[in-house]
Amino acid sequence: KQEVTQIPAALSVPEGENLVLNCSFTDSAIYNLQWFRQDPGKGLTSLLLIQSSQREQTSGRLNASLDKSSGRSTLYIAASQPGDSATYLCAVRPEGGATNKLIFGTGTLLAVQP
Amino acid sequence: GAGVSQSPSNKVTEKGKDVELRCDPISGHTALYWYRQRLGQGLEFLIYFQGNSAPDKSGLPSDRFSAERTGESVSTLTIQRTQQEDSAVYLCASSLVGTGYTYGYTFGSGTRLTVV
């Protein structure tokens, strides 16, 4: 059974710092991995999608890496800003099965202090 | 539409009443998912629709929950005889489906359901 874990559960950093969020998954048979952010009381906003054949994806100050064989992904945020404060979720799309539903991690609550 | 649209955005209902939640996916997205997120908890998969295939209902928590989708259009999630434990944010997502290249999900902003 695929399980997705995110470390740390919560993180507080001063504005301007670079930071790394971690995501690990137990079964490497995945189609892709997606990072989302969720603001309080809101839905999910997709940040980056990495296919299983890719090693990383970049969007602005965000860079996500994927090491499928070791079951790990990291989300790097450069020069953090207070507006980055949110919960960050990673999710994998498992291979096989009829559903291909996303399996979500537990999330990292990020607070960027001004 | 440009994104996944859900309505209502907020719903307060009395225990025992039925509620209907609506999701309008991105045009052309053949896959549609419903998830539930209780306060302070992770996302729970509820149900999946893919084209005209039989839906995967394996995540529905009880027979009080049902969902419909006509073709590749709007989906409705119905909760009958609501209970307080049904209070949660109900999120809908849609995606393209294809061989080879796989697609990411786009989520709606959710419906916050409060059962009093």
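Keep in mind it's a predicted model, so treat the numbers as computed, not measured. (Residues numbered from 1 in each chain as written. Chains lettered and ligands numbered in written order. Predicted model: local features only at pLDDT ≥ 70, side-chain atom pairs only at ≥ 80, totals over all residues. Heavy atoms only, no water.)

Considerations on the overall build of chain B
What chain B contains, in helices and strands, is zero helices and 10 strands. When the elements of chain B are put in sequence order from the N terminus, they spell out β-β-β-β-β-β-β-β-β-β. Its C-alpha radius of gyration of 14 Å places chain B within 12% of the 13 Å reference for a compact globule of 116 residues. Along the longest, intermediate and shortest principal axes, the C-alpha atoms of chain B span 45 × 25 × 25 Å. Counting the 116 residues in chain B, one finds 47% classified as buried. Looking at chain B alone, contacts between residues at least 24 apart form 54% of all its contacts between residues at least 6 apart. (Helix = DSSP H or I, 4+ residues; strand = E, 2+ residues; numbered from the N terminus. Rg over C-alpha atoms; globule rule 2.2 N^0.38 Å. Buried < 20%, exposed > 50% of the residue type's maximum accessible area, 1.4 Å probe, protein only. Contact = heavy atoms within 4.5 Å.)

Details of the layout of surface pockets
Counted as a void, the largest pocket has a volume near 520 Å³. Lining the largest pocket are 28 residues, with A:Gln38, B:Gln37, B:Arg38, B:Gly40 and B:Gln41 sitting closest to its centre. Secondary structure elements with two or more residues in the lining of the largest pocket: β9 (86-94) and β11 (108-113) of chain A together with β8 (88-95) and β10 (111-115) of chain B. Considering only residue class, the lining of the largest pocket consists of 11 nonpolar, 13 polar and four charged. (1 Å grid on protein atoms, 1.4 Å probe; cavity = no way out; pocket = protein on both sides within 12 Å on 5 of 7 lines; lining within 4 Å. Points joined across faces, edges and corners; volume = space filled by probe spheres on them. Nonpolar A, V, L, I, M, F, W, Y, C, P; charged D, E, K, R; others polar.)

Some thoughts on the interface of chain A and chain B
How big an interface is tends to be stated in terms of the accessible area lost upon association of its parts. At the junction of the two partners, chain A supplies 20 residues and chain B supplies 21 residues. Of the roughly 1500 Å² buried where chain A meets chain B, counting both sides, 52% is carbon and sulfur surface. Summed over the shared surface of chain A and chain B, the result is zero salt bridges. Between chain A and chain B we count six residue pairs in polar contact (both at pLDDT 80 or more) in total. (Buried area = accessible area lost by both parts, 1.4 Å probe. Salt bridge = Lys/Arg side-chain N within 4 Å of Asp/Glu carboxyl O. Polar contact = N/O pair within 3.5 Å; in protein donor to acceptor, adjacent residues only side chain to side chain.)

Concerning the state of the cysteines
The tally for this structure, following the rule as stated, stands at two disulfides over all chains. The residue that forms a disulfide with A:Cys23 is A:Cys90, at a sulfur-sulfur distance of 2.0 Å. Across the disulfide from A:Cys23 to A:Cys90, rotation about the S-S bond amounts to roughly 75°, and the bridge is consequently right-handed. Note that A:Cys23 is positioned in strand β3 (residues 19-25) and A:Cys90 in strand β9, a separation of 67 residues in sequence. An identical accessibility class is assigned to A:Cys23 and A:Cys90; each is buried. The side chain of B:Cys23 participates in a disulfide bridge whose partner is B:Cys92; the two sulfur atoms lie 1.8 Å from each other. Across the disulfide from B:Cys23 to B:Cys92, rotation about the S-S bond amounts to roughly -65°, and the bridge is consequently left-handed. Pair noted here: B:Cys23 is in strand β3 (residues 19-24) and B:Cys92 is in strand β8, with a separation of 69 residues, a long-range link. Here B:Cys23 falls in the buried class, since its relative accessible area comes to 0%. (Disulfide = S-S within 2.5 Å.)

Topic: the nonpolar core
One finds A:Phe25, A:Leu33, A:Trp35, A:Leu75, A:Ile77, A:Tyr88 and A:Leu110 to be the most contacted residues of the largest nonpolar core, which totals 23 residues. For this core, the elements supplying multiple residues, two or more each, are β3, β4 (30-38), β5 (44-51), β7 (62-67), β8 (72-77), β9 and β11 of chain A. Residues contacting A:Leu33, with those up to four places away along its chain left out, are A:Cys23, A:Phe25, A:Leu48, A:Leu49, A:Ile50, A:Leu66, A:Ser73, A:Cys90, A:Ala91 and A:Val92. Ranked by size, the runner-up nonpolar core spans 20 residues in total, among them B:Cys23, B:Ile47, B:Phe65 and B:Ala88. (Core = buried A, V, L, I, M, F, W, Y, C linked by side-chain atoms within 4.5 Å.)

Regarding the confidence of the model for chain A
Here chain A averages 92 in pLDDT, while 96% of its residues score no lower than 70. Looking at the elements of chain A, mean pLDDT is at its lowest for strand β10 (residues 103-104) of chain A, recorded as 91, and at its highest for β8(A), recorded as 98. (pLDDT = per-residue confidence, 0-100.)

Here's the deal with the sheet that holds β3(B)
Whether parallel or antiparallel, the strands of a sheet pair through hydrogen bonds between backbone atoms. All names here are of chain B. The sheet built from four strands is open, its strands ordered β1-β3-β7-β6 with antiparallel pairing. Because the sheet does not close on itself, it has two edges, and the strands there are β1 (5-7) and β6 (65-69). In this sheet, neighbouring strand axes are inclined to one another by 15° on average, regardless of whether the strands run parallel or antiparallel. Pairing analysis gives three bridges linking β1 to β3, with the strands arranged antiparallel. Looking at β3, one finds that Ser5 is bridged to Asp24. (Pairing = 2+ DSSP bridges. Axes fitted to C-alpha atoms, helices over the stretch in contact; angles between N-to-C directions.)

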